[in-house]
There are 2 protein chains.
Amino acid sequence: MSEPATPASVPRRGRKSEMSRGQILDAAARMLRRQGYGSTTLRSIAEVAGIQAGSIYYHFASKDEIMDAVMERGVRAVIDAVREALDTLPNDASHQRRIETAVGAHLQALLSHGDYTSASIRTYGEVPVAFKQKSLQLQQTYVALWQDMLAAAQADGAIRQDLDPHILRPLLLGSLNWTVEWYDPNQRPVEDIAAQAVDMLFHGILPDS
Amino acid sequence: MSEPATPASVPRRGRKSEMSRGQILDAAARMLRRQGYGSTTLRSIAEVAGIQAGSIYYHFASKDEIMDAVMERGVRAVIDAVREALDTLPNDASHQRRIETAVGAHLQALLSHGDYTSASIRTYGEVPVAFKQKSLQLQQTYVALWQDMLAAAQADGAIRQDLDPHILRPLLLGSLNWTVEWYDPNQRPVEDIAAQAVDMLFHGILPDS
DNA sequence: GCAAAAATCTAACAAACGTTCGATGGAAAT
DNA sequence: ATTTCCATCGAACGTTTGTTAGATTTTTGC
């Protein structure tokens, strides 16, 4: 059974398919965020999406495929936002400026694509490695981005030499990622969180110093 | 103290019951940490505990009761450790010293009672409020402890006045709580993480300043 | 050692799970 | 108007779920 030489490797789907696929993903992300992997059933996803459970299989081959798609989108939203923000920075931007920009973009993307990023974070440690191949690779790329940025800053003396970047990075990213658990958009703008996070990161919480 | 003539209204249980109950909780905490609430089955808990699934119901009335017990123990381990550490401090200890102590105790308890604290953190947002009544109350008490400590420090000028403690606290605790997702005891002692976390929190990551 | 109580096992239950598949409706193409 | 194909439905499947209850084993008190 060899593939025919048709240029479209993916069978061209109609427009409604794209829409339903999106609704399924939206519903899955919302359920995953609130209930985790095991408690998110295909029937509950279907109900939120407004279709029957069996119809999901026209768009996805399995529950795990939905998982991977949601998580990939969650990670990609953040990594794309941070990359783009860093790319629009002038080439001679300071390390300090770059870190500040990355933190702001990370938080903004994280909290505005709430369901996908929260689902990705919450579900990440909960599902077998085989179910998150695509998102796993993206995540490692993203970690490397931060690691390189911090290491470069330290090499140029923009960050204290006595700090271990392999502790700094997870402490910082953990602090940011955890915001999905407590941040309330009705209480404060994201910018306030980002500003104070950067301020604390750079200068600490002690007065004067 | 003299023992009463055993008018025990509560049926006095033998000693083995306590042991089995502990093994069930241990197994549940381990499964919950790795797979979350929905994917943790009573049969898998029973298998790890070395008993049959039905036998669990001699010790617990339902799956949810196990959940609540695990989460309560996770939160209690941390809150007790932090309280005790703060209590052994001299009464005239500085705010800085108190915060440093609390961070250290929080991290130490979090990472040494790994399964329970991790399960508690991971499962917390995943289960209905009705299933975590006991742990919910404890958690609110714990949050208040930190909030009061930080507010007191700020009132005395030990923390910068321009920082919002309602942003500072979740950012800090989030950073600490996230360590359960990445910390590897075979790589570094907990003390190294705690030391750098406190250092960064107090002085920031910029040089000199 | 023996009877009573405590603890566990075994087997089953209804419900819910992921998944499959033929039937069916609707929209686009002819 | 009819054909074609996309998208969904509806019902069923085999498994696994939390939970129950009676039989059975293990431990304890005398």
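Scope of this entry: the structure provided in the associated data block. (Residues numbered from 1 in each chain as written. Chains lettered and ligands numbered in written order. Predicted model: local features only at pLDDT ≥ 70, side-chain atom pairs only at ≥ 80, totals over all residues. Heavy atoms only, no water.)

Overall, the coordinates contain two aromatic pairs over all chains when judged by the stated rule. Pairing B:Tyr142 with B:Trp146 gives two aromatic rings, centres 6.5 Å apart and planes at 85 degrees, and the pair type is edge-to-face. Of this pair, B:Tyr142 and B:Trp146 both sit in helix H6 (residues 133-155), four residues apart, roughly one helical turn. Here B:Tyr142 and B:Trp146 have matching classes, each one buried. Positioned above the aromatic ring of A:Tyr37 is the side chain of A:Lys63, whose terminal nitrogen or guanidinium carbon lies 4.4 Å from the ring centre. One Lys or Arg, B:Arg73, reaches over the ring of B:Tyr116 and ends 4.2 Å from the middle of that ring. (Phe/Tyr/Trp six-rings, centres within 6.5 Å; stacked < 30°, edge-to-face > 60°. Helix = DSSP H or I, 4+ residues; strand = E, 2+ residues; numbered from the N terminus. Buried < 20%, exposed > 50% of the residue type's maximum accessible area, 1.4 Å probe, protein only. Lys NZ or Arg CZ within 6 Å of the ring centre and 35° of its normal.)

What follows is about the relation of the copies chain A and chain B. Overlay of chain A on chain B (RMSD 0.1 Å): rotation 180 degrees, translation along the axis 0.0 Å. On this basis, the relationship between the two copies can be described by a two-fold rotation axis. A share of 100% of interface residues in chain A that are also interface residues in chain B marks the association as one of identical surfaces. (Least-squares fit on C-alpha atoms with pLDDT ≥ 70 in both. Contact = heavy atoms within 4.5 Å.)

Quick look at the pattern of salt bridges now. Within the structure shown, the criterion is met by 14 salt bridges over all chains. The partner of B:Arg122 in a salt bridge is B:Glu181, with the nearest N and O atoms 3.1 Å apart. Note that B:Arg122 is positioned in helix H5 (residues 114-124) and B:Glu181 in helix H8 (residues 179-182), a separation of 59 residues in sequence. Accessibility expressed as a relative area gives 38% for B:Glu181, which makes it partly exposed. A network of salt bridges, in which partner residues are shared, links A:Arg160, A:Asp162 and B:Asp199. (Salt bridge = Lys/Arg side-chain N within 4 Å of Asp/Glu carboxyl O.)

Treat this as a map of the structure, not an account of what it does.
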